[in-house]
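Chain residues, written in single-letter form:
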Amino acid sequence: MLIGAHVSPAGGPAKAVERGEALGARAIQIFNQNPRAWKPTVYSAEQVEAFREALAAGPVDALLIHAVYLLNAASDDPQIRERTLTSLVASLRAGAALGAHAVVLHPGSAKTGDVGPAIARAGSLFREALAESEGCALHLENTAGAGGTLGRSFGELAALLDAAGGDARLGVCLDSCHMLASGIEIRTAQALASAVDACEAQVGPGRIGSLHLNDSQTPLGSNRDRHADVGQGELGLDGCRVFLSEPRFDALPCVLETPGPERKGPTAEEVSLCLRLREEGLAARG
Ligand SMILES: [Zn+2]
Ligand SMILES: [Zn+2]
């Protein structure tokens, strides 16, 4: 498992690699555009080169690009749809240029409308975005299930992948906080194994492509997306040990998106705690 963290991309993607190294990360995740503005980033050839050199020289092995939260692939507003498509295509192209493991995206929101048509709208946007880009995978992240957010269950993720045409570049990103908040019990090895079984049965084999480890401030089934530091929430140290040592997660990048003790994001201590919890989890499985 490539354990790592969400880091700032300020100063360019090579700087993000440095920040990851300082945390002891093997995987990093960045936003590729300002989270509050509709302005896709196109990295220069120099930035791409510097990033690739930084990656080759150090311990960071995987990059995830997290699309920003403004995007809503399920929107029925033509302007938001168009902007979402433009941003998503830019993210996928940036991902291809940087050799990213995947672009991770919250699938969208039906707002107050019906879920079925919203899934169809999102699916057709994903199809277009994949057609207008090449090489980079697109991972739909499961959500906590607040409001009209899509992807609150494996069934919804499967319906989204189907609506998107089931392309081989499509996968899912599983977030531990969102799983628990959406009502999926994952805090024992047995419970998590059943959840992964259910996920694979519904979204199809080989589709689980990336992971977010976050503890949850709010309880099972709360449908609220409130990350807590590792071991400090409803998952607790035991739940995090289980998540970090699930055998089917072995080859995947797993990044922390936790608030951190100073609300500045994950720390080196938290990353090293995760390495230890993974070892303890593996030992407990025997
Ligand atoms: Zn997440
Ligand atoms: Zn979240």
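Since we're looking at a predicted model, the values are computed, not measured.

Conventions adopted
- Residues numbered from 1 in each chain as written.
- Chains lettered and ligands numbered in written order.
- Predicted model: local features only at pLDDT ≥ 70, side-chain atom pairs only at ≥ 80, totals over all residues.
- Helix = DSSP H or I, 4+ residues; strand = E, 2+ residues; numbered from the N terminus.
- Axes fitted to C-alpha atoms, helices over the stretch in contact; angles between N-to-C directions.
- Parallel < 35°, antiparallel > 145°, perpendicular 65-115°, else oblique.
- Contact = placed C-beta atoms within 7 Å.
- Nonpolar A, V, L, I, M, F, W, Y, C, P; charged D, E, K, R; others polar.
- Buried ≥ 20, exposed ≤ 12 C-beta atoms within 10 Å, placed from the backbone.
- Pairing = 2+ DSSP bridges.
- Right-handed = clockwise from strand over helix to strand, strands pointing away.

Engineer: So what's going on with the environment of D238? Which residues, and what values?
Structural biologist: Turning to its location among the elements, D238 is positioned in helix α8 (residues 236-244). Separated by 231 residues in sequence, D238 and V7 place their C-alpha atoms 25 Å apart.

Engineer: Pulling in residues and values, what's your account of the packing of helix α1 (residues 13-23) against helix α2 (residues 45-57)?
Structural biologist: In contact at an axis separation of 7 Å, α1 and α2 are set at 20° when each is read in the N-to-C sense. With respect to α2, the axis of α1 lies roughly parallel. Facing P13, A14, V17 and E18 of α1, the residues of α2 in contact are Q47, A50, F51, A54 and L55. Looking at the contact of α1 with α2 residue by residue, the class counts come to seven nonpolar, one polar and one charged.

Engineer: Mind laying out the pairing of strand β4 (residues 102-105), listing which residues take part and the relevant values?
Structural biologist: Regular strands show a simple pattern: their side chains alternate between the two faces of the sheet. Because side chains alternate across β4, one face comprises the buried residues A102 and V104, and the other comprises V103 and L105, equally buried. Bridging between strand β3 (residues 62-66) and β4 involves three bridges; their strand directions are parallel. Looking at the pairing, I65 lines up with V103 of β4. Crossover β3 to β4 through helix α3 (residues 78-98) is right-handed. With three bridges connecting them, β4 and strand β5 (residues 138-141) associate as parallel partners. The partner of L105 across the bridge, within β5, is L140.

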